Every structure is written in C-alpha cells, then in structure tokens.
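# Topology and contacts: notes
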Amino acid sequence: LAGTKEGCNEDYVQIGDWRLARACETCPSSHLSISSQAQGMTSQIFRDDGTYQPGPSTDFNAFDLTGEQGMTRASIVFGDKAVQI
C-alpha cells in the first residue's frame, strides 16, 4: 500500500532530524542516504551494488532538493511490518 504516513511521504522516511531517502537521480546505481537535518550532513550511503560510503559527508544529502546528487523522487511502499524505499 503506497501512501503517506506520519513522518513519511512518497519520497522519504523522516524520524526526528534524520531522513532516509533514495538519492542521486543521475547516478548509474541507486543510493540509499541517511542524512541529518540538524547537521546538514550525510551519515551513511548504501549503494545497490552492496558497497557503502561512511560519512560524514555533504553529498547525496536526503534534504537536498536542488542538486543532482540530492533526493530522488521515488515511491515508498508501506506494507505489513515493512517499509520499502
């Protein structure tokens, strides 16, 4: 079931000052970004090829709606005891 929940929308999941979102529209692989709004930094990036990039860093920020490495518009799906990003 796709839809909007408290602290979530179809593009990201937000818990307090933290946001989990798919990032980088123009990258050859998908990125899952965990970012802090308070710090303005990305704490961790997970790539769909199984590699990851630890932070802190300023790229692939889930709060960046303007840059090409920012948040990607993607549907989040809410299921029974699961959230798919």
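Residues numbered from 1 in each chain as written. Predicted model: local features only at pLDDT ≥ 70, side-chain atom pairs only at ≥ 80, totals over all residues. Heavy atoms only, no water.

### Quick notes on unusual backbone geometry
Cis peptide bonds are those with omega within 30 degrees of zero, and the linkage from Gly55 to Pro56 qualifies with 5°. Positionally, Pro56 belongs in strand S5 (residues 52–57). One non-glycine residue, Phe60, adopts positive backbone phi at about 55°. Assessed through its relative accessible area of 7%, Phe60 is described here as buried. (Helix = DSSP H or I, 4+ residues; strand = E, 2+ residues; numbered from the N terminus. Buried < 20%, exposed > 50% of the residue type's maximum accessible area, 1.4 Å probe, protein only.)

### Looking at the environment of Trp18
Along the polypeptide, Trp18 turns up in strand S2 (residues 18–23). With relative accessibility at 41%, the residue Trp18 sits in the partly exposed group. Trp18 sits 22 residues away from Gly40 along the chain, and the two C-alpha atoms are 9.9 Å apart.

### Considerations on the pairing of S5
Where strand S4 (residues 41–47) lies against S5, four bridges are found, and the strand directions are antiparallel. Residue pairing in the sheet places Phe46 in a bridge with Tyr52 of S5. Taking the residues that link successive antiparallel strands as the turn, the S4-S5 hairpin has four residues, and the phi of Gly50 there is positive, at about 95°. (Pairing = 2+ DSSP bridges.)

### Re the confidence of the model for the chain
With 66% of its residues at a pLDDT of 70 or more, the chain shows a mean pLDDT of 75. The secondary structure element of the chain with the lowest average pLDDT is strand S6 (residues 77–79), at 68, and the one with the highest is S4, at 91. The model gives residues 1–5 a pLDDT under 50, and that stretch makes six contacts with residues more than four places away or in other chains. (pLDDT = per-residue confidence, 0-100. Contact = heavy atoms within 4.5 Å.)

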